[in-house]
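# An overview of the molecular structure
One letter stands for each residue in the lines below.
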Amino acid sequence: MLTLRGVHAGYGRSRVLHGVDLAVPPDGVAAVLGHNGAGKSTLLRVAAGLLRPSAGTVELDGVDVTRAAPHERVARGMAYVPQGQQCFPHLTAAENLRLVADGRRDGAVATAEVLDLFPALRPLLRRRAGLLSGGQRQQLAIARALITRPRLLMLDEPTEGIQPSVVAEIQERIVELTRQSGFSVLLVEQHLGFALRVADRYHVLESGRVTSHGDGGVTAEREVRSALAV
Ligand SMILES: Nc1ncnc2c1ncn2[C@@H]1O[C@H](COP(=O)(O)OP(=O)(O)OP(=O)(O)O)[C@@H](O)[C@H]1O
């Protein structure tokens, strides 16, 4: 589905990624794990087209999208949910969804579908996003991204600052989404337990380099903990 090859990227003179190779399997979840500052969000920004790599390539289903703009990647089936439950706080939950849905022919149908997936959002639609809990805002941010009907959903730390019941809810939704054929997730996480429960593959990122990778699943936790020295 998504393949990064030899990706180098950074901000001005500060080099963050040093030759990252990573593959997201079709119909699967790839998790990127690592300490603060390892470069996980930078990697997602490169994948989403928000940061141009200084070297290396990004391919989606075999098509080189390294130079494609973010909106072109969305049109090709990529969706990105940045860190921090980002919503427009002064708009209602419904208006946040409409911002994406209104520009699309299938917007109304897609909105109904995402509300079926996140039914907890239905009674909150008229509430301002800024008044929702962190977990509710995270669900809203994921729902908004899904309105574009992506084939690849990229999530940056969806469990950060969220209570355990909502983490379990998000976990279930990810598993449900990946049951559809041709749907993949690239997940950046610090919450190892959560990440390995949903991931088919994991990659450990340290100082901008992938230092280990393997199959996901709870049995991988010991291996990952020792790779991360936690
Ligand atoms: N916009 C930016 N300008 C300059 N440096 C940045 C910028 N964003 C991130 N960095 C730096 O790049 C490095 C990697 O940051 P990044 O956010 O990718 O790490 P991360 O693994 O996602 O960490 P965290 O888990 O804390 O979010 C850090 O040293 C960070 O300070």
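As the structure is a computational prediction, the values presented were derived from the model and not from experiment.

### Some remarks on the environment of Val230
Mapped onto the elements of the fold, Val230 is located in the segment after helix H8 (221-228). Here Val230 falls in the exposed class, since 9 other C-beta atoms lie within 10 Å of it. With 133 residues separating them in the primary sequence, Val230 and Leu97 have C-alpha atoms 39 Å apart.

### Considerations on the sheet that holds strand S2 (residues 14-24)
Strand order in this open sheet of four strands is S2-S1-S4-S5, and the pairing throughout is antiparallel. Both edges of this open sheet fall to S2 and strand S5 (63-64), since each of them pairs with a single strand only. Bridging between strand S1 (residues 2-11) and strand S4 (residues 55-60) involves five bridges; their strand directions are antiparallel. Following the sheet pairing, Thr3 is matched in S4 by Glu59. Sitting on the sheet, helix H1 (residues 40-48) touches S1, S2 and S4, and the angle it makes with S1 is about 115°.

### Some details on the UniProt feature "domain: ABC transporter" (unreviewed entry) in the protein
Here, UniProt's "domain: ABC transporter" (unreviewed entry) annotation points to residues 2-230. As annotated, residues 2-230 comprises 34% helix and 27% strand, and the C-alpha atoms at either end are separated by 29 Å.

### Regarding the sheet that holds strand S9 (residues 201-206)
A sheet is described by the order of its strands in space; here six strands give the open sequence S6-S7-S8-S3-S9-S10, paired in mixed fashion. At either margin of the open sheet sits one strand with a lone partner, and together these are strand S6 (78-81) and strand S10 (209-215). For this sheet, the mean inter-axis angle between neighbouring strands, taken without regard to orientation, is 15°. Two elements, S9 and S10, share six bridges in a ladder whose sense is antiparallel. Directly across from Tyr202, in S10, lies its bridge partner Gly214. Here H1 sits on the sheet and contacts strand S3 (29-33), S6, strand S7 (152-156), strand S8 (184-189) and S9; the angle it forms with S7, its principal contact strand, is near 150°.

About the cut-offs
- Residues numbered from 1 in each chain as written.
- Predicted model: local features only at pLDDT ≥ 70, side-chain atom pairs only at ≥ 80, totals over all residues.
- Helix = DSSP H or I, 4+ residues; strand = E, 2+ residues; numbered from the N terminus.
- Buried ≥ 20, exposed ≤ 12 C-beta atoms within 10 Å, placed from the backbone.
- Pairing = 2+ DSSP bridges.
- Contact = placed C-beta atoms within 7 Å.
- Axes fitted to C-alpha atoms, helices over the stretch in contact; angles between N-to-C directions.
- UniProt positions renumbered as here; feature names shortened; annotations may be inferred.

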